[in-house]
Structures are given as structure tokens and as C-alpha cells.
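# Architecture and fold: a report
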Amino acid sequence: MITENPGGNSVSVLLGNGNGTFQAKQDYAVGTQPYSVFSIDVNQDSKIDMITANAGGNSVSVLLGNGNGTFQAKQDYAVGTGPTCVFSIDVNQDSKIDMITANPGGNSVSVLLGNGNGTFQVKQDYAVGTQPTSVFSIDVNQDSKIDMITANYADNSVSVLLGNGNGTFQAKQDYAVGTEPTSVSSIDVNQDSKIDLITANYAANSVEAKNRNIKTTDNFS
């Protein structure tokens, strides 16, 4: 189990005992005000690593894993303003793990392509809706290219950015959702082989599903 601790600029790792209980925490320093954490093997050494989105530092911290539940010191990378969510996936199909952050302070997402050795290239920013608090990445239009989706807290929308397959993305297309969405996820909820969207809507005390209505386009209803 891993938790982010904004007040302490750290992440806590609690190793499991295998019976539903956990050992005492071990803390690791990260950037300022970490709001989100993601775990994946970023450097392809079969050891799990950690990434945090640091809202107060406009950065992400990457902590490479040693494979025994401990982690190396952080390495920071600049992203957009006030990142609150980080997601990691191979966006350009080069078998190297990349990073995406949602940046509410800049109304943007930042994409950092991976070099395959645990380091990342300089960010590229894309405009999305107002105050994106969450980002999710998946192939929404079934063209075998990774796309991006953000939940935009201040304008009650999601933004969909279709991927070009080379690590770049097309301009956003926005869709209305419930009031003050704070999180977005995407999966085929109705088993029609089309990817759908789900948002958690903070002010409305609701979740909302958007169904993609035409298989060959990015339209949602």
C-alpha cells in the first residue's frame, strides 16, 4: 500500500503481511504537496517504481524501486501548474513507459515521454477544460492509439484528446457531465465493444456514464 502525504511532502509505503494487515509505514521524500501517486515499472527492470504529482512544486517525482519494497531517492521533472493527478502508460507505442499529469492551475495536461531507463523527456502541454483534476488514458476509438481523458472540475465537463500514435495528441473535444467532476475512468460498461466514460461528480453526489455512440468516431452521448 502507498499513500501520498501533501502536508509532509512524502509518500508512505506499508508492506503487506499477506493476511490483510500491513507493516509500519516507511516514508520517502517527494516534491511539494504530492496529490496523487501511481506505481508501475518505469525502467523495465521488473521492479515496481513510484511517481507522484506534486501540486505545490509543479512537478512529478519518480522514485525507482529496489525490488525489495524500498525505493531510491526521487528525481523530479517539471510539469504544468498545480498537478493533482498522474497517470503512466506507453502513449507512443515504443515499449517505454510515459507519464501524463492533469494540471488544474494551467487548464492543461502534460505529457512526458519515457526514455526507457527511468528518465523522461521534457514535457509537452495540451489544453483541456477548466481545472482538470483527473486524467485517464486508454484507446477510446479503437484505432490502436492511446488517447487521453480529463475530468474538468470548474466547467462540468470531460475533455477527450485523441492520440496520433507518436506521443502527440489532437485538440480536445469536450462533453458535459455532472457538477464538479473530480475523477474520470474509462471502460466498456455496457459490453458493446465501445469504450465509455465515467465521472465522479463532487457537488452532485453522483457518478455519470457516457456511452460512445458511434464506433468509428470519438462521439459520446
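Our subject is the structure listed above.
Heads up: these notes are all about the structure in this document. The model shown is predicted, which means the values in this text are computed figures rather than measured ones. (Residues numbered from 1 in each chain as written. Predicted model: local features only at pLDDT ≥ 70, side-chain atom pairs only at ≥ 80, totals over all residues. Heavy atoms only, no water.)

## Some thoughts on unusual backbone geometry
One non-glycine residue, Gln33, lies in positive phi territory at about 55°. Residue classification places Gln33 among the partly exposed residues on the basis of a relative accessible area of 37%. Backbone geometry at Ser46 places phi at a positive 65°, although glycine is not the residue there. Positionally, Ser46 belongs in the loop between strand 4 (34-40) and strand 5 (49-54). (Buried < 20%, exposed > 50% of the residue type's maximum accessible area, 1.4 Å probe, protein only. Helix = DSSP H or I, 4+ residues; strand = E, 2+ residues; numbered from the N terminus.)

## Examining the sheet that holds strand 7 (residues 75-78)
Reading across the sheet, the four strands line up as 4-5-6-7 and stay open at both edges, with antiparallel pairing between neighbours. On the outer flanks of this sheet lie strand 4 and strand 7, each paired with one strand and no other. Neighbouring strand axes in the sheet, compared pairwise and without regard to direction, differ in orientation by 20° on average. In terms of strand pairing, strand 6 (residues 59-63) meets strand 7 through four bridges, oriented antiparallel. Note on strand 7: the bridge partner recorded for Ser59 is Ala78. (Pairing = 2+ DSSP bridges. Axes fitted to C-alpha atoms, helices over the stretch in contact; angles between N-to-C directions.)

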